[in-house]
Amino acid sequence: MRLSSWFKLPIVMVAGMAAGLMCSIFLFHSIKDVTSIDIDGWQHNANVGSENASALSRTVISIMGFLGLSREETVYFLADRDTEGEPLESACEYTVNGRITSEHARWWSITAYNTKTQKLIENSEDKYSYTGDTIVFNDDGSFSINIAASKQQGNWIPVSEKTSFDLLLRLYNPTAFVTKQTQTLMLPKIIKGHCHEK
């Protein structure tokens, strides 16, 4: 009996990890539901991090700690499409152009995630995101981030041609303008460039 239990343990562990992964993916994409709004390809759900979050979302947050900050602390925007509404393709190059200032939030970040696993995309450059502290701004105070599998000049987040990806924009300590007039925000534009043959 004891030996049998030891054989069952790995199966239970694998099942548990699989369930946890599915929960994290569910929560990540719960940003996109019938209550979400679309702003130039960025999806926002005001219920994430608020008192109106579903019971399942709250449970996953308490277990995973993913998207766990309150709306007063962080506002989340998810993009799996470009500004024209076309799905993000791993074989294409993109430029994210925008301007985020203290009028929006105290701090911000843009990160690329593997669509299927919601994990960071491994790369030899060890680059996964940019923040208001690490990005190189343009002379006019705006910024541009290149998203591509091949090496790019300037601010560059490497992705893989083998996996699809999403972009997550976080606004930390958002201002009242962001939390109360979210629909009117001018969020970064996601512009598609050259696409390689798969």
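Residues numbered from 1 in each chain as written. Predicted model: local features only at pLDDT ≥ 70, side-chain atom pairs only at ≥ 80, totals over all residues. Heavy atoms only, no water.

Looking at this model, I keep getting lost on the packing of aromatic side chains. Mind explaining?
In this structure the tally under the stated criterion is three aromatic pairs. Centroid distance Tyr 94 to Phe 165: 6.1 Å. Interplanar angle 75°. Geometry classified as edge-to-face. Taken together, the residues Tyr 94 in strand β4 (residues 92–98) and Phe 165 in strand β9 (residues 165–174) connect sequence positions 71 residues apart. The burial state of Tyr 94 is the same as that of Phe 165; both residues are buried. (Phe/Tyr/Trp six-rings, centres within 6.5 Å; stacked < 30°, edge-to-face > 60°. Helix = DSSP H or I, 4+ residues; strand = E, 2+ residues; numbered from the N terminus. Buried < 20%, exposed > 50% of the residue type's maximum accessible area, 1.4 Å probe, protein only.)

Help me out: how do you make sense of the sheet that holds strand β10 (residues 189–195) in this one?
Two strands in a sheet stick together by hydrogen bonds in their backbones, pointing the same way (parallel) or opposite ways (antiparallel). Taken together, the four strands give an open sheet; going across it, the order is β8-β7-β4-β10, and neighbouring strands pair in mixed fashion. Of all the strands in the sheet, just β8 (156–158) and β10 have a single pairing partner and so form its edges. Looking at each pair of strands side by side, their axes are set apart by 20° on average, direction ignored. (Pairing = 2+ DSSP bridges. Axes fitted to C-alpha atoms, helices over the stretch in contact; angles between N-to-C directions.)

Would you mind going over the sheet that holds strand β5 (residues 105–114) with me for this structure?
Read from one edge of the open sheet, six strands run β1-β2-β3-β9-β5-β6, paired in antiparallel fashion. Both outer strands of the open sheet, β1 (37–39) and β6 (129–131), are each paired with one neighbouring strand and no more. With direction set aside, neighbouring strand axes in the sheet form an average angle of 25°. Here β1 pairs with strand β2 (residues 42–44) via three bridges, running antiparallel. The partner of Ile 37 across the bridge, within β2, is His 44.

How do you make sense of unusual backbone geometry when you look at a structure like this?
For residues besides glycine, phi is generally negative; the peptide bonds are generally trans as well. Residues other than glycine seldom take positive phi values, yet Gln 118 does so here, at roughly 60°. Residue classification places Gln 118 among the buried positions, given a relative accessible area of 6%. Backbone geometry places Asp 126, a non-glycine residue, at a positive phi of 55°. Relative to the assigned elements, Asp 126 resides in the loop between β5 and β6.

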